[in-house]
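Next come the chains, spelled out residue by residue.
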Amino acid sequence: MIYVFFLISGISALVYQVIWVRLFGNIFGNTIYSASLVTGVFMLGIGLGSFIAGYLSDHRYKKDPRLMLFYYAYAEVAIGVSALFLACLFPYLNSWVAYVSHYQVTGNGWHELDLFSIAFRYLIAIALLFPITVPMGATLTFLIRFLVQRELSDIGWKTGLLYATNTAGAALGVGLVDFVLVTNFGLFATQTIAVVLNLIAALGAFYLAKNTTFISSPVVEEIKDQAVTGSQWRLGTTCLAIFLSGFVGLAMEIIWYRFFISVLDSTRAIFSLLLFVILLGFWFGSLVAGFLERRWKHAAELYMVSQCLFLTLALWQLFQFEHHQITFVDYKQIFIGTPVWAQKWWEVFLLLKIIFPVVALPAFFMGFAYPLANSNAQSLLGKVGIRAGSIYLSNMSGAVLGAFGAGFFLLPYLGMQSSLTTLLVITGISVFMLFISKPRKRSLAFAAFSCFIVLGLTGLLWNTLPSKFILLKSLSGNYTNKEKDLVLSEGISESIAIREDKKSGERTLYTNGHNMSDTSKRGQRYMRAFAHIPLLQLENPKSVLVICFGVGNTLHAASLHPSIENLEIVDTSRHVLEHASYFEKSNQGILSDPRVSVFINDGRLHLRMRDPELYDLITLEPPPIFFAGVSALYTKEFYALAKRGLKEGGFCTQWLPSSQVSGESVKSIVHAFLDVFPNALLLSGGYDHLILMGRKGIAPRIDPKSLMEKIESSSALKADLDRIGMGGLTEILGSFVASPETMRRVVSSTLPVIDDYPSMEYDVLLFNESVKPKELFHVQDANVWCPACFKEEEAEYLLKDLIPYLAIMQGIYHSKVFLYSGIYHNKGFSRDVKIGTNKVAFERLVNQNWYLQSVLGFFTNFYLLENKGTQKKE
């Protein structure tokens, strides 16, 4: 029953960790700094708790070993109560953190959070997480001390079994939190479930403690001073060895994660499944390590060999990985024939099929470390607790340093390939530490020599690989032969590739293997529409905030409006901004414009830090919504923040990722936006690149005469609009998709997206499949946006081409080619489109408009429906 309760405890621990990384991301900003901070404090708290529990348990277990079970139960109660308190406190932390956060100007004039703001984050994370993670770490040591009472012969096996049980629970927790709990219950309810699990474990431990018979006091051996000295030396060297193992293990996890988000995508599912496979490997590895140590009694030798095999196999699996393993054609057919309820589980299986072969076997040998280190260092029965705690603290400290070291130094300065060489060297030092723990043992010397030979040969072979071999291997599946590399760069948050089309010269920004932004004509059309369309409706706009830089298209478009005096760009990645010059032909060196202020920060936190009613326009086109952390920019709470930052009559525009999530999730996002901006409109910047446009206080309205006067007043603005196919009223008004009444009717049956329930993050795991809600596309209500454009008495402004233009777009919006995205295109439906206009109008508009030509290129046959009385003629 002890193992059952510790399994339950492992489930709750990983549920907390995954949830906290997400929630603190919403508070501190969804950046690698926030994730590293929470993970680091989590691990350090666990290690410290294990050490404190070790000291306490060694002094108390002699009186009655059952006290260890009581202490374990008290720790579980402390975890549950503290975690519940923290769950209730989270909603109030946003304003506190923003209040004490301040910017400092760096050498290049950009704004970053100052040292005090960063220090405060560490203090608040420690203050809030240590009361939970310290007792969390204590649970392992209390149970080790309880199980090891009278003799040390089986300590490796007992520690391995206990560690494996908790790790199995952790693996189960990772799987449950992202694929079952959050998607069905939300974040707060998921934390509450974890609290209940802690209390179940506590009640079980109380019951066992009260019903376990205490036989006799454990035997306490008398130790000579010389034996104590030798034992302390072995403990010290073993702690150093497992410290280095922890460093290498967590650094390897960071490198695996960077590799797989480039191969696949930066989704929460990738992180969760990678962690699941690692913990699964730990589970089996610790079990096997305990069994082998009990059978052969060579803990140090086994530890050496396992660490050598771990890193050697990790390098080999990365070396032989090929993108042809990810051939989705057959998988798509299986997926299409699968019942809806099972589709996501097929995707999980397919993702595991990619991750498992690379990670599982190295992770298996990673799991050997803790039980074997315990067996190697434990030689004093009266010091079992403090030594187990010391080893665990050393391991966790190394892991914290490995996570920070890999993320902030190794990857950005050395890259994946050279970082792995560094880990080979560190593993060699770890082997040496184990060797000197028992320097006169012949079997240990032979094992150490063998490991040095294997690590040395591996390092020599590894360094013969071409430069950036591993980076290119991770990215190669996302490129075409029509492009050439201009830049390959590895930074703190992402790997960047900038590629140029060999024929057109168009450039594309790839971050972690994903096509993030480009300079193509179609791409620029919708990105620039985010700024042009709302600013053209304002009398004298002064201030604009752009969240997410991309390649600078939107920011440059805003700068072309003559009245603009202040432009703020906020991005989490300094690395992306540093490469803006590669897109200078498109963005015209916008970052050097004196009106531009650059802020390296999370968009939500920046809005909380700024004064209310500051901006005439807030616009953003975030990365794909299924990327980890991005959903925080699509919630009702975020839209309320944006509205707070707008002046009266100011606009908010945002990309609606209708082709990346399910139709229900599209409705939920629209619902959240409408709750904050009730007079919002839905527009199309280009084909399925939809734009939500809301206005604070009043409904968006176009005065055609005023709008055209603004366009004609600036030659630079007019040239840019002409270039992207929005130089006339027909093209601008032709972007209309739906009125607020239409959207409200369509979304009435769905719930709005809120911070506590970011379900759309899990819509896409491997395949990008979605069906847009057809009823959302209703261009017949365009008069809501421009009443004057449809009044006969104002014939001066009547646009003869607007109605047929909208008819063409309505036909496109209702076609299956448009409505169905991703793998659903394999269903074999026709590429036909029915358009409610006549041939003369159709040909005139298409011949003079490159955008319509581009969009209609998706289709094969055009059926023109011309009204003839009450009938339609095809």
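S.K.: Could you clarify how one ought to interpret the pattern of salt bridges in this entry?
M.R.: Any two side chains of opposite charge can pair, on the condition that their charged atoms come close. Tallied over the entire structure, the rule returns 24 salt bridges. When the shortest N-O distance is used, the salt bridge between Glu-500 and Arg-507 registers 2.9 Å. Of the residues examined, Glu-500 reaches a relative accessible area of 15% and is grouped as buried. The partner of Lys-696 in a salt bridge is Glu-613, with the nearest N and O atoms 3.7 Å apart. Here Lys-696, found in the loop between β13 (689–695) and α23 (704–713), pairs with Glu-613, found in the loop between α20 (603–609) and β10 (615–620); they are 83 residues apart in sequence, far enough to count as distant. The exposure class of Lys-696 is buried, given its relative accessible area of 11%. In the salt-bridge network here, residues are joined through shared partners; they are Glu-112, Arg-574 and Glu-578.

S.K.: Quick question: what am I supposed to make of the packing of aromatic side chains here?
M.R.: Here a ring pair, both rings aromatic, is described through the centre-centre distance and the interplanar angle of the planes. In this structure the tally under the stated criterion is 37 aromatic pairs. Geometrically, the ring pair formed by Phe-259 and Phe-260 is edge-to-face, given 5.5 Å between the ring centres and 85 degrees between the ring planes. The same class applies to Phe-259 and to Phe-260, which are both buried. Taking the centre distance of 5.0 Å and the plane angle of 35 degrees together, the rings of Phe-673 and Phe-677 count as tilted. Grouping residues by exposure puts Phe-673 and Phe-677 together as buried. Taken together through their ring pairs, the aromatic side chains of Tyr-687, Phe-777, Tyr-813, Phe-818 and Phe-858 make up a single cluster. Over the ring of Tyr-851 we find Arg-525; its NZ or CZ atom is 3.6 Å from the centre of that ring. Of note, Lys-772 hangs over the ring of Phe-818, and the distance from its end group to the ring centre comes to 4.7 Å.

S.K.: In this structure, what is going on with a nonpolar patch on the surface? I would like to understand it.
M.R.: Taken together, the side chains of Phe-449, Ile-453, Leu-457 and Leu-460 present a nonpolar region at the surface, about 430 Å² in accessible area. Within the fold, Ile-453 resides in helix α14 (residues 442–462). Given the relative accessible area of 41%, Ile-453 is considered partly exposed.

S.K.: Please clarify how the state of the cysteines should be interpreted in this entry.
M.R.: Formally, a disulfide is one covalent bond, and it connects the sulfur atom of one cysteine to the sulfur atom of another. In total, this model carries one disulfide according to the counting rule given. Each sulfur of the disulfide joining Cys-786 and Cys-789 lies 2.0 Å from the other. The chirality of the disulfide connecting Cys-786 with Cys-789 is right-handed, given an S-S dihedral of about 65 degrees. For Cys-308, which is in no disulfide, the shortest distance to another cysteine sulfur is to Cys-451 and amounts to 4.3 Å. Exposure remark for Cys-308: the relative accessible area of 4% places this residue in the buried category. Summary of cysteine pairing: Cys-548 is not part of a disulfide, and the nearest cysteine sulfur, belonging to Cys-652, is at 12 Å.

So, how was this worked out
Residues numbered from 1 in each chain as written. Predicted model: local features only at pLDDT ≥ 70, side-chain atom pairs only at ≥ 80, totals over all residues. Heavy atoms only, no water. Salt bridge = Lys/Arg side-chain N within 4 Å of Asp/Glu carboxyl O. Buried < 20%, exposed > 50% of the residue type's maximum accessible area, 1.4 Å probe, protein only. Helix = DSSP H or I, 4+ residues; strand = E, 2+ residues; numbered from the N terminus. Phe/Tyr/Trp six-rings, centres within 6.5 Å; stacked < 30°, edge-to-face > 60°. Lys NZ or Arg CZ within 6 Å of the ring centre and 35° of its normal. Patch = residues over 30% accessible without salt bridge, like charges linked within 9 Å, V, L, I, M, F, W, Y side chains within 5 Å. Areas by Shrake-Rupley, 256 points an atom, 1.4 Å probe, with all protein chains shown as cover. Disulfide = S-S within 2.5 Å.

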